[in-house]
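A structural walkthrough
Residue-level listing of the chains:
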Amino acid sequence: MSKIIAITNQKGGVGKTTTSVNLGASLASMGKRVLLVDIDPQGNTTSGIGINKADVANCIYDILINDVHPKDAILETNVPNLKIIPATIQLAGAEIELVPTISREVRLKKALHLVKHQFDYILIDCPPSLGILTINSLTAADSVLIPIQCEYYALEGLSQLLNTVRLVQKHLNTTLQIEGVLLTMFDARTNLGIQVIEEVKKYFQQKVYQTIIPRNVRLSEAPSHGQSIITYDPRSKGAEVYLELAKEVISYE
Ligand code: ADP
Ligand code: MG
């Protein structure tokens, strides 16, 4: 069985990319066949897993706009079992270029359908907006993983996100589910972090992952070396928690 998970939150800097790369690498290290789909024009997942954007022949843009077959865009990464469809800055034009096209909301879904059977997990790293790229991701996905940063305005904007999820469920993808809510960048030294955890748990209840991702400097260093935490520092706290999260994700299969 394969599962497509969209990692979504229209807020920037909440840990979407960090989670895509490191959950992907963790699942892959446990023997799962994983495809990362970078659909953020910033392409941080792409560079974060060691792909040089200058060498990318086909990116997600070519799949969405030029009808390139996804097999012609999938690249190997430096982690066995982990592949990626990269994004380059070319994608920045896609939000506008997709507007007048036919079946613009279902383009990613149709493309991923062609390769879905080759993977156990497809993780889509969404951009920080609720535009057409995120709509494509939610339409293609079986479920949504929402990272929430343990900070003061943590719940702000979430009703908008959940509203978008409901609209997609109603009109484009009736079986879309909430996979889970992930608390990120937790700092045990502050009371605020603990308050946010309580608030988020009250709101999402059993949908909140037991695994909480703490602030860990190794997690923030790894992307500049083009590596996931699993290869950059496998003994770090960051590696430990993302492996724990991967086990939790697998347990919901
Ligand atoms: P998003 O994709 O939602 O914009 P990122 O995953 O890029 O968020 O994270 C934002 C910044 O915070 C990045 O510089 C990243 O390296 C850093 N970061 C993310 N998670 C952690 C963490 N658990 N500990 C320390 N730094 C983190
Ligand atoms: Mg990102």
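Residues numbered from 1 in each chain as written. Chains lettered and ligands numbered in written order. Predicted model: local features only at pLDDT ≥ 70, side-chain atom pairs only at ≥ 80, totals over all residues.

1. Let's talk about the overall build of the protein
When you go through the protein residue by residue, the secondary structure sums to 11 helices and 7 strands. A compact globule built from 253 residues would reach a C-alpha radius of gyration of about 18 Å, and the protein, at 17 Å, matches this within 12%. For the protein, the spread of C-alpha atoms along the principal axes amounts to about 50 × 40 × 30 Å. (Helix = DSSP H or I, 4+ residues; strand = E, 2+ residues; numbered from the N terminus. Rg over C-alpha atoms; globule rule 2.2 N^0.38 Å.)

2. Points about the site of ligand 1
The immediate surroundings of ligand 1 are formed by 17 residues, with Gly 15, Lys 16, Thr 17, Thr 18 and Ser 220 found nearest. At the level of elements, helix H1 (16–29) and helix H9 (217–221) are the ones that each hand at least two residues to the shell around ligand 1. When residues of the shell around ligand 1 are assigned to their parent elements, the largest contribution, 3 residues, is made by H1. (Near = placed C-beta within 6 Å.)

3. Re H1
With 14 residues, H1 ought to run about 20 Å at 1.5 Å a step, and its terminal C-alpha atoms sit 20 Å apart, in line with that. Burial runs high along H1: 14 of the 14 residues are buried. Once H1 finishes, Gly 31 follows within two positions and takes phi at roughly 95°, a positive value. (Expected span 1.5 Å × (residues − 1). Buried ≥ 20, exposed ≤ 12 C-beta atoms within 10 Å, placed from the backbone.)

4. A look at the environment of Ile 85
Mapped onto the elements of the fold, Ile 85 is located in strand S4 (residues 82–85). The sequence separation of Ile 85 and Thr 190 amounts to 105 residues, and the corresponding C-alpha distance is 38 Å.

5. As for the sheet that holds strand S7 (residues 177–184)
The strand order across the open sheet formed by 7 strands is S3-S4-S2-S5-S1-S6-S7, and the pairing between neighbours is mixed. Looking along the sheet, the strands with just one partner apiece sit at the ends: strand S3 (75–76) and S7. Contacts from helix H6 (residues 132–140) reach strand S1 (3–7), strand S5 (121–125) and strand S6 (143–149) within the one sheet, and its direction differs from that of S1 by about 150°. (Pairing = 2+ DSSP bridges. Contact = placed C-beta atoms within 7 Å. Axes fitted to C-alpha atoms, helices over the stretch in contact; angles between N-to-C directions.)

6. Quick notes on the UniProt feature "domain: AAA" (unreviewed entry) in the protein
Under the local residue numbering, the UniProt record ascribes the feature "domain: AAA" (unreviewed entry) to residues 2–178. Within residues 2–178, the helical portion is 34% and the strand portion 17%, while the C-alpha atoms at the span's ends are 16 Å from each other. (UniProt positions renumbered as here; feature names shortened; annotations may be inferred.)

7. Quick notes on the nonpolar core
Val 34, Val 37, Ile 60, Ile 122, Leu 123, Ile 124 and Ala 141 are the most contacted members of the largest nonpolar core, which has 75 residues in total. With 7 residues, the top contributor of residues to this core is helix H11 (residues 237–251). In this view, Ile 124 contacts Ile 4, Ala 6, Ile 7, Val 37, Ile 39, Ser 137, Ala 140 and Ala 141; residues no more than four positions away in its chain are not counted. (Core = buried A, V, L, I, M, F, W, Y, C linked by C-beta atoms within 7 Å.)

8. What about the environment of Lys 109?
Positionally, Lys 109 belongs in helix H5 (residues 107–113). Non-local contacts of Lys 109, meaning those with residues more than four positions away in its chain, are made with Thr 139 and Ala 140.

9. Notes on the confidence of the model for the protein
For the protein, per-residue confidence averages 95 on the pLDDT scale, and residues scoring 70 or more make up 100% of the total. Both scores are available for the predicted complex, with the pTM at 0.97 and the ipTM at 0.99. (pLDDT = per-residue confidence, 0-100.)

10. Details of the pairing of S1
The element S1 is extensively covered by neighbouring structure, given that 4 of its 5 residues are classed as buried. Bridging between S1 and S5 involves 5 bridges; their strand directions are parallel. Each residue of the ladder has a partner; that of Ile 4, found in S5, is Ile 122. As paired elements, S1 and S6 share 3 bridges and run parallel to each other. Of the residues in S6, the one forming a bridge with Ile 7 is Leu 145.

11. So, unusual backbone geometry
Backbone geometry at Asp 67 places phi at a positive 55°, although glycine is not the residue there. In this structure Asp 67 comes out as exposed when scored by C-beta crowding, with 10 C-beta atoms within 10 Å.

12. Some words on the environment of Leu 243
Here Leu 243 lies in helix H11. Distance in space between the C-alpha atoms of Leu 243 and Ser 26 is 5.2 Å, their sequence separation being 217 residues.

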